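Understanding the architecture of this molecule
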Amino acid sequence: MTQLDGRIGPEPLNPAFSSSALANLLVGRRGKLKSVLLDQAVIAGLGNIYVDEALHRAGLHPERPAGTLAPEEVRRLHRAIRAVLREGLANRGTTFSSFQNGRGEAGDNLMNLRVYGRGRTGEPCLSCGQPLRLATVGGRSTHYCSRCQPAVRDSSS
Ligand SMILES: [Zn+2]
């Protein structure tokens, strides 16, 4: 893929956005996975809700350094990103451009949310039953499951 100077990353639902394209975007990055995914210069159109949902589906901790993902983890993430976007589109019934403001805070009922908004009250993870957590990652509220999305190192902060 050509890297343009416009600083807008590829759209995840574009057929050219393959798993290996995602791997190329993440390689060498030390930033936290969540922050990197929210960066519109890396990937276009992923808002806060979608990133939380995608990371939970992929079983990846939001604070993992983005460049440390194994190939199989990148594949899971790639699948999860496309799945949550497709689901959001289906439920909203509108065009992809609606997702491009990068905030994605509005409309909690756009999709079947598995983690977003549920960490604040410690509701049980729909996959494992453990109370979900709320953290702040890169200044953004972040809902996740510490069991399904383990940090690689065992530092809990
Ligand atoms: Zn869980």
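Read on for an overview of the structure. (Residues numbered from 1 in each chain as written. Predicted model: local features only at pLDDT ≥ 70, side-chain atom pairs only at ≥ 80, totals over all residues. Heavy atoms only, no water.)

**Points about the overall build of the chain**
Inclusion rule: Only runs of H or I of at least four residues qualify as helices and only runs of E of at least two qualify as strands under DSSP, and these elements are numbered from the N terminus. Think of it in three bands: residues with accessible area under 20% of the maximum for their type are buried, residues over 50% are exposed, and the middle band is partly exposed, with areas taken using a 1.4 Å probe on protein chains only. Whether two residues are in contact is decided by their heavy atoms: any pair within 4.5 Å suffices. Per-residue and other accessible areas were derived by the Shrake-Rupley procedure at a 1.4 Å probe size, with only the shown protein chains allowed to occlude residues.
The number of helices and strands found in the chain is four helices and two strands. Along the chain, from the amino end to the carboxyl end, the secondary structure elements read α-α-α-α-β-β. Residue burial in the chain is summarised as follows: out of 157 residues, 45% are buried. Relative to all contacts within the chain whose residues are 6 or more apart in sequence, the contacts with residues 24 or more apart total 63%. Carbon together with sulfur atoms contributes 48% to the accessible area of the chain, which is approximately 8100 Å² in total.

**Points about the coordination of the zinc ion**
To keep things clear, this is the line we draw: The donor set comprises N, O and S atoms within 2.8 Å of the metal, extended to 3.2 Å for Na, K and Ca; water molecules are omitted, so apparent gaps in a site may simply reflect that omission.
Within the protein, the zinc ion binds to Cys125 (SG), Cys128 (SG), Cys145 (SG) and Cys148 (SG); these donor distances fall in the range 2.3 to 2.4 Å. Donor residues for the zinc ion, ordered by position in the chain, follow C-x2-C-x16-C-x2-C. Taken together, the residues Cys128 in the loop between helix H4 (71–92) and strand E1 (133–137) and Cys145 in the segment after strand E2 (140–144) connect sequence positions 17 residues apart. By relative accessible area, which is 26% here, Cys128 ends up partly exposed. Residue class for Cys145 comes out buried when judged on its relative accessible area of 0%.

**What to know about helix H1 (residues 19–26)**
Here is the rule we go by: Note that the arc is computed from the directions linking the helix axis to the C-beta atoms.
Listed as buried for H1 are Ser19, Ala21, Leu22, Leu25 and Leu26. The buried side chains of H1 occupy one side of the element, clustering within an arc of 160 degrees when seen end-on. Directly beyond the C-terminal end of H1, a positive phi value near 80 degrees is found at Gly28.

**A closer look at the pattern of salt bridges**
A side chain of one charge can pair with a side chain of the opposite charge when the charged atoms of the two come close. Heads up, the condition is: The working definition used for a salt bridge is a side-chain nitrogen of Lys or Arg within 4 Å of a carboxyl oxygen of Asp or Glu.
In this structure the tally under the stated criterion is six salt bridges. Taking the shortest distance from any N to any O, the salt bridge between Lys32 and Glu63 comes out at 3.4 Å. Separated by 31 residues along the polypeptide, Lys32 in the loop between H1 and helix H2 (33–38) and Glu63 in the loop between helix H3 (48–58) and H4 bring together distant segments of the chain. Among the residues examined, Lys32 registers a relative accessible area of 35% and is labelled partly exposed. Take Glu63: its relative accessible area is 26%, and that puts it in the partly exposed class. Of the charged contacts, one joins Glu123 and Arg118 as a salt bridge, the two residues approaching to 3.4 Å between their closest N and O atoms.

**Side note on H3**
Counting buried residues in H3 gives ten out of eleven residues, a clear majority hidden from the surface. Within H3, the full set of buried residues consists of Asn48, Ile49, Tyr50, Val51, Asp52, Glu53, Ala54, Leu55, His56 and Ala58. Following H3 by one or two positions, Gly59 adopts a phi angle in the positive range, close to 70 degrees.

Read these as spatial facts, not as claims about activity.
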